[in-house]
Amino acid sequence: MLCRTALSGISALRAPEAAKFVRFATKKAGGSSQNGRNSIGRRLGLKRHGGQRVKENEIIMRQRGMTFHPGENVHRGKDFTLHASMDGVVQFTWYKQPCRGKLKSRARINIVPYVPGAPQPKRFVTQVSYEMRPGGFKLALTRRLFSSLPQQQP
């Protein structure tokens, strides 16, 4: 039988019965941390760019989901990685595909056979310039052919 007074709490319990009660902490112990975990990067992204030569079964793109679709002479692995099916040159093409009543632009990666002496695909460079105005500035993006840029003299 418990005998306790109204204000004394557990201290008024008899000794054998007081051992049955366990007091729980009201604050978490300071020794543990919930932070400090971090996973390593997955090394996703483009491994071979447009115009680069690739060998058979070489990885072109590592991705999650179908960001880039496989085209001619390209096959897709089970983790959506795109591989070259033959030796050749990487080529990017864009096409429109109907999706929910609209046309959505999709990127496709192709491998075209390498022909020595054939003209290489044109490479473009985007240049950013700005014009100062009274209240700010205006950005202008221009796309130029890489070969038409002025070459720096050593």
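Note that this is a predicted model, so its numbers are computed, not measured.

Draft legend 1. Molecular detail of the sheet that holds strand E2 (residues 53-54). With respect to topology, four strands assemble into an open sheet ordered E2-E7-E8-E4, the strand pairing being mixed. At either end of the open sheet lies a strand with only one pairing partner, and these are E2 and strand E4 (68-70).

Draft legend 2. Local environment of the packing of aromatic side chains. Applying the stated criterion across every chain yields a total of two aromatic pairs. With 5.9 Å between their ring centres and 75° between their planes, Phe68 and Phe92 make a pair best called edge-to-face. In this pair, Phe68 is assigned in strand E4 and Phe92 in strand E7 (residues 88-99), connecting sequence segments 24 residues apart. The same class applies to Phe68 and to Phe92, which are both buried. Cation over ring: Arg53 sits above Tyr114, and NZ or CZ is 3.7 Å from the ring centre. Sitting over the ring of Tyr95, Arg108 keeps its end group 3.9 Å from the ring centre.

Draft legend 3. Fine view of the nonpolar core. Membership of the largest hydrophobic core is limited to 12 residues, which are Val54, Ile60, Met61, Phe68, Val74, Leu82, Ala84, Val90, Phe92, Ala107, Ile109 and Ile111. Elements supplying a minimum of two residues to this core: strand E3 (59-62), strand E6 (82-84), E7 and strand E8 (102-112). Ranked by residue count, the leading element in this core is E8, at three residues. With residues up to four places along the chain from it excluded, the contact list for Ile60 reads Gly45, Leu46, Lys47, Arg48, Val74, Leu82, His83, Ala84, Val90, Ile109 and Ile111.

Draft legend 4. Quick look at the side chain of Thr81. Its place among the elements puts Thr81 in the loop between strand E5 (74-76) and E6. Owing to a relative accessible area of 2%, Thr81 belongs among the buried residues under this scheme. Here the side chain of Thr81 touches Asp79 through a polar contact of 2.9 Å, side chain to side chain. When neighbours within four sequence positions are excluded, Thr81 is seen to be in contact with Ile59, Met61, Arg62, His75 and Arg76.

Conventions used here
Residues numbered from 1 in each chain as written. Predicted model: local features only at pLDDT ≥ 70, side-chain atom pairs only at ≥ 80, totals over all residues. Heavy atoms only, no water. Pairing = 2+ DSSP bridges. Helix = DSSP H or I, 4+ residues; strand = E, 2+ residues; numbered from the N terminus. Phe/Tyr/Trp six-rings, centres within 6.5 Å; stacked < 30°, edge-to-face > 60°. Buried < 20%, exposed > 50% of the residue type's maximum accessible area, 1.4 Å probe, protein only. Lys NZ or Arg CZ within 6 Å of the ring centre and 35° of its normal. Core = buried A, V, L, I, M, F, W, Y, C linked by side-chain atoms within 4.5 Å. Contact = heavy atoms within 4.5 Å. Polar contact = N/O pair within 3.5 Å; in protein donor to acceptor, adjacent residues only side chain to side chain.

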